[in-house]
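As a plain string of letters, each chain reads:
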Amino acid sequence: MNIACLRLAARIGATGVAYHHFPAVGSLEPVGINVICVGFPREWSDHFEQNQLMKVEPTIQVVLAEGRAQWWDETEPAKRLSKAEREYLEQVNAHVGVGVHLPTYGPFGRDGYVAIEFGHEKPAFDEDDLANLQLCCQAAHQQYCQLLRTPLSPKKRLSPREREILAWVAEGKSNGVIAEILEITESSVITYLERAFKKLEVDNRVTAALRASATGELAQL
């Protein structure tokens, strides 16, 4: 699915694409997990995730509430901005160009948020173009939700260590940081993750963490 999304982004002239997946109602997952982030400045994307700026971003909830794709510079915050929110928007303007954000919706409140950047020149998209783009993102989000909800067989239950490592992945920790926290080698973390990938039938750490949470296999930290 990641490859299909990135191919679509390239076809429409996008320079960056990010997809955040929000937890289902009652889930122990963080506020939002970054599933895809390609094309944005690495320093900025790392800063965004490590400081959980998803909680500060003032326009995402507006887009989700209104239910339609909107250009970043045309989305008005729903309330008076706090100092942290104003500083965040100033940082965004300094690091990224023109873009559109799109809401996606799934079962049990498992929604998503897609941000697509187009460099510094806004493409000549009309409302129909934006609606079609949102439909594509919605279809991808629905497929992702379906993958997460597919039940595991009893033979594929995760070990306590695998569950613990994936819980730290869900918190946005890198393999190296997880190794330090658990006082094991980074190669051991990678080995546990590879075993978890096989059991969960996924091919990346973020999807593994999300699927583990959706199937009740994520440890509580």
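Just so it is clear, the model here is predicted, and its values are computed rather than measured.

### Observations concerning the pairing of strand 1 (residues 16–21)
Then comes step 1: Burial analysis of strand 1 places 6 of its 6 residues in the buried class, the great majority of the element.
Then comes step 2: Residues of strand 1 alternate between two faces, with Gly16, Ala18 and His20 on one and Val17, Tyr19 and His21 on the opposite face, all of them buried.
Then comes step 3: Both strand 1 and strand 5 (residues 112–117) contribute to a ladder of 6 bridges, which runs antiparallel. Bridge pairing in strand 5 links His20 to Tyr113.

### Overview of the sheet that holds strand 3 (residues 70–71)
Then comes step 1: If you walk across this open sheet you meet the 5 strands as 2-1-5-4-3, and the pairing is antiparallel. Either end of the sheet is taken by a strand with one partner, and the two such strands are strand 2 (33–38) and strand 3.
Then comes step 2: Two elements, strand 1 and strand 2, share 5 bridges in a ladder whose sense is antiparallel. Paired with His20 across the strands is Asn34, a residue of strand 2.
Then comes step 3: In this fold helix 9 (residues 205–214) packs onto strand 1 and strand 2, with an angle of close to 160° to the strand it touches most, strand 2.

What counts as what
Per chain, residues are indexed from 1 in the order of the written sequence. Only residues with pLDDT of at least 70 get local features here, since the model is predicted, and only at 80 or more are side-chain atom pairs given and counted; chain-wide, interface and lining totals rely on the full set of residues. Remark: hydrogens and water are excluded; side-chain values derive from all non-hydrogen atoms of the structure. Summary of the burial criterion: residues with accessible area below 20% of their type's maximum are buried, those above 50% are exposed, and those between are partly exposed, where the area comes from a 1.4 Å probe applied to protein chains only. Only runs of H or I of at least four residues qualify as helices and only runs of E of at least two qualify as strands under DSSP, and these elements are numbered from the N terminus. Should DSSP find at least two bridges between two strands, the strands are taken to pair. Note on contacts: a residue pair qualifies if any of its non-hydrogen atoms lie within 4.5 Å across the two residues. Every angle, taken between N-to-C directions, lies between 0 and 180 degrees, and every axis is a line fitted to C-alpha atoms, over only the stretch in contact when it is a helix.

Without other data, these values stay purely geometric and don't point to any function.
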